[in-house]
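# Structural overview
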Amino acid sequence: MSGRAPWWRGATVYQVYVRSFADSNGDGVGDFPGLISKLDYVAALGVDAIWLSPTHPSPNRDWGYDVSDYDIVNPEYGTEADFDRLLKEAHARGLRIMTDEVLAHTSDEHAWFVESLKGGEKADWYVWAPAREDGTPPNNWLSAFGGPAWSYHPARRASYHHKFLRQQPKLNWRADGARAAALAVLDSWLKRGVDGFRLDVANAFLHDTALRDNPAVPQSARDASYWSRAANMQLHRRDSNLEDNLQVLNEIRMRVERYPDRFVMGEFSEDPERCGAFASPSEGLHSGYSFPLLHADKLGPEFIRDHYRTLARFPAHWPSIAFSNHDVIRTVTRFGGEKAPPALARLLLALLVALRGTLLLYQGEELGLPEASLRRDQIRDPIGDLYYPLYRGRDGCRTPMPWDAAAPNLGFTTGSPWLPLAPEHRELAPSLQERDPQSTLSCARRLLAARRESDALRLGGIEFLDAPAPVLAFLRTCANDRVLCAFNMSADDVSFQSDLLRHAVPLPICTDESRIEGDVLAMNPYAAFFAHV
Ligand code: GLC
Ligand code: CA
């Protein structure tokens with residue numbers, strides 16, 4: 001089976017936030033040559049591919065997620081030749097490269113939008129509508145980043161739609177020209193040799209052409225999160241998450257599959273059941289990730305069980321699994337607060353590595369980095385600026401990698417970093433963790449290596465066992481290979497009984513100690529246990 005499965009099934013994809021990974025020229029911004037110098041580190045983790053956060057030129061209103069030219073690389077990160085060398089050097093180490101393509105919207109500085117402002121043949125490449133008689137927006141759609149999802153522009157005497165910042169106008173995928181141009185972007189990077197894509201807001205390619213209002217979230221379904229942003233008070237049924245979005249996903253995948261061995265995975269940030277997020281890899285994208293695991297903050301078996309209960313309703317879908325990325329609070333802080341013990345970081349890595357799906361591992365997660373805390377004047381994320389101090393934005397998970405505990409700026413740059421290095425990351429630098437076989441990094445390497453070697457962990461089915469909370473236990477099975485995985489998701493000693501334990505052969509990747517006594521497993525706080533059964 002493993003011989004025939006496409007490479008991305010069960011693979012681990014390491015997300016590199018290029019701007020904060022490694023700076024080679026002292027300008028304080030991470031770049032391609034910097035990343036090339038760290039490829040041995042990435043390869044040694046035992047991951048299969050790298051997802052590069054956006055690599056195209058951008059006015060950086062949303063740090064690369066506002067693209068002003070899809071055809072070239074961001075000169076802040078290096079030259080075209082540097083990018084090609086990155087592809088070559090990664091491939092030479094057996095690492096595939098995926099780019100992050102942001103095609104649901106562009107920057108307002110993209111030539112297409114500049115043309116559209118003038119009317120002419122690109123008039124309908126964006127979603128334009130007349131303002132209401134009193135100048136207010138055409139309908140009730142709200143932006144995920146605050147305020148109406150429309151801005152009036154005097155050039156057209158009309159409003160254009162933007163799901164995010166006003167500098168991120170929505171590309172109109174219903175206009176043939178715009179759609180063809182967006183698809184051509186994918187072709188050109190596939191030709192260039194990239195191995196696949198992460199598609200930004202893949203739930204949001206299409207909008208309702210009648211521009212009907214979004215419905216409100218019913219009162220009975222509201223919890224605290226609904227009040228955090230006004231846009232959370234509406235169901236995003238008309239601006240995004242349309243049922244015919246699936247056809248776009250399918251078209252994209254077929255385009256990608258013209259090239260052998262490529263992978264296309266999407267981000268589904270809202271209402272995934274409607275927009276094709278859970279399609280099979282032959283109907284929509286190959287895979288996708290949604291947000292329940294990224295937003296979960298209560299440690300315990302339920303958030304995992306709930307998510308797989310949802311996934312079980314879509315058996316033909318192949319999920320991507322992420323606890324962490326550039327949009328959410330780093331896991332150890334999210335689940336463990338400010339004084340999270342190192343054992344929690346190991347537990348979360350062990351859990352991730354045990355799960356069914358394609359894994360997305362965010363830079364620094366392998367080190368157990370906590371969220372950095374920044375002062376208001378250090379914040380660069382527009383939504384942090386908007387809602388500070390209630391919400392500090394996403395910079396706390398985007399601070400640069402701490403490479404060397406003894407170097408200025410922890411080895412990230414010789415200049416002045418675009419975001420500060422977190423002092424609390426010093427003791428977690430790889431320069432120290434590399435030397436300690438018990439460190440989180442060493443543990444992450446062992447776990448990832450074990451996953452690579454095990455068909456059960458990589459490709460097997462998942463079956464949850466009836467373990468009492470705070471224990472989470474499941475079997476991963478592929479042909480004759482069956483692995484029992486058990487996790488103590490608490491700071492207390494616990495025990496777990498199962499007949500399967502009588503003949504269990506523990507794997508050498510267990511963390512934080514468990515002991516088998518007959519058919520009982522006694523587990524230390526945050527212990528992760530793996531055994532052939
Ligand atoms: C996605 C990205 C996020 C970005 C947004 C708008 O959610 O992950 O970083 O701000 O799309 O492009
Ligand atoms: Ca640089």
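Residues numbered from 1 in each chain as written. Chains lettered and ligands numbered in written order. Predicted model: local features only at pLDDT ≥ 70, side-chain atom pairs only at ≥ 80, totals over all residues. Heavy atoms only, no water.

Within the protein, Asp23 (OD), Asn25 (OD1), Asp27 (OD), Val29 (O) and Asp31 (OD) serve as the donor atoms for the calcium ion (ligand 2), at 2.2 to 2.4 Å. For the calcium ion (ligand 2), all donor residues lie on one chain, and their spacing in sequence is D-x1-N-x1-D-x1-V-x1-D. Owing to a relative accessible area of 8%, Val29 belongs among the buried residues under this scheme. (Donors = N, O, S within 2.8 Å, 3.2 Å for Na, K, Ca; no water. Buried < 20%, exposed > 50% of the residue type's maximum accessible area, 1.4 Å probe, protein only.)

On to the nonpolar core, then. Tyr14, Trp173, Phe205, Ile252, Leu351, Phe487 and Phe530 are the most contacted members of the largest nonpolar core, which totals 130 residues. With ten residues, helix α11 (residues 342–354) is the single largest residue contributor to this core. Look past the residues within four positions of Phe205 in its chain and what remains in contact with it is Leu103, Ala104, Lys170, Leu171, Trp173, Leu199, Asp200, Asn245, Val248, Leu249 and Ile252. (Core = buried A, V, L, I, M, F, W, Y, C linked by side-chain atoms within 4.5 Å. Helix = DSSP H or I, 4+ residues; strand = E, 2+ residues; numbered from the N terminus. Contact = heavy atoms within 4.5 Å.)

This brings us to the domain arrangement of the protein chain. For the protein chain, the domain assignment lists domain 1 (12–107 + 173–449), domain 2 (111–161) and domain 3 (461–532). Its C-alpha centre places domain 2 at a distance of 55 Å from the equivalent point of domain 3. (Domains from an automatic or database assignment.)

With that settled, the discussion passes to the site of ligand 1. Around ligand 1, the surrounding shell holds 13 residues, and the nearest of these are Asp62, Asp200, Glu267, His326 and Asp327. Note that an oxygen atom of ligand 1 is positioned 2.8 Å from one of the side-chain N or O atoms of Asp200. Measuring from an oxygen atom of ligand 1, one finds a side-chain N or O atom of Glu267 at 2.7 Å. With the chains in place, 96% of the 310 Å² that ligand 1 exposes on its own is no longer accessible. Class assignment of the residues belonging to the shell around ligand 1 gives a composition of three nonpolar, three polar and seven charged. (Near = heavy atom within 4 Å. Polar contact = N/O pair within 3.5 Å; in protein donor to acceptor, adjacent residues only side chain to side chain. Areas by Shrake-Rupley, 256 points an atom, 1.4 Å probe, with all protein chains shown as cover. Nonpolar A, V, L, I, M, F, W, Y, C, P; charged D, E, K, R; others polar.)

In this section: helix α9 (residues 301–312). End to end, α9 covers 16 Å across twelve residues, agreeing with the expected 16 Å (1.5 Å per residue, within 8%). Of the residues making up α9, those classed as buried are Pro301, Phe303, Ile304, His307, Tyr308 and Leu311. Packed against the buried residues of α9 are α8 (292–295), β10 (320–322), α10 (331–336), α11, β12 (461–464) and β13 (471–478). (Expected span 1.5 Å × (residues − 1).)

Okay, the side chain of Arg222 next. Along the chain, Arg222 falls in the loop between β7 (196–199) and α6 (245–256). Engagement of the side chain of Arg222 in a polar contact is seen with the backbone oxygen of Val217, the distance being 2.9 Å. Those residues in contact with Arg222, other than ones at most four positions away along the chain, are Ala216, Val217, Trp227 and Met233.

This part covers the packing of aromatic side chains. By the definition in use, this model includes 27 aromatic pairs. Taken together, a centroid distance of 5.4 Å and an interplanar angle of 70° make the contact between Trp112 and Trp125 edge-to-face. Within this pair, whereas Trp112 is found in helix α4 (residues 111–117), its partner Trp125 is found in the loop between α4 and β4 (128–129), the two being separated by 13 residues in sequence. Accessibility expressed as a relative area gives 14% for Trp112, which makes it buried. Geometrically, the ring pair formed by Trp141 and Trp150 is stacked, given 5.6 Å between the ring centres and 20° between the ring planes. Taken individually, Trp141 and Trp150 each receive the classification buried, so the pair is uniform in this respect. Ring pairs connect the aromatic residues Tyr308, Phe464, Phe474, Phe487 and Phe530, which therefore count as one cluster. Its guanidinium or amino end placed over the ring of Trp418, Arg19 lies 4.9 Å from that ring's centre, counting from NZ or CZ. Between the NZ or CZ atom of Arg229 and the centre of the ring of Tyr391, over which it lies, the distance is 5.1 Å. (Phe/Tyr/Trp six-rings, centres within 6.5 Å; stacked < 30°, edge-to-face > 60°. Lys NZ or Arg CZ within 6 Å of the ring centre and 35° of its normal.)

Here Tyr388 and Pro389 are connected by a cis peptide whose omega angle stands at 0°. As for its position among the elements, Pro389 is in the loop between α12 (382–387) and α13 (430–433). A cis amide bond links Ala469 to the next residue, Pro470, at an omega of 10°. Within the fold, Pro470 resides in the loop between β12 and β13. At Asp512, a position not held by glycine, the phi torsion is positive, near 60°. Residue position: Asp512 is located in the loop between β16 (505–506) and β17 (514–517). Positioned with a positive phi, Glu513 is a non-glycine residue whose angle comes to about 65°. Looking at the element boundaries, Glu513 is found in the loop between β16 and β17.

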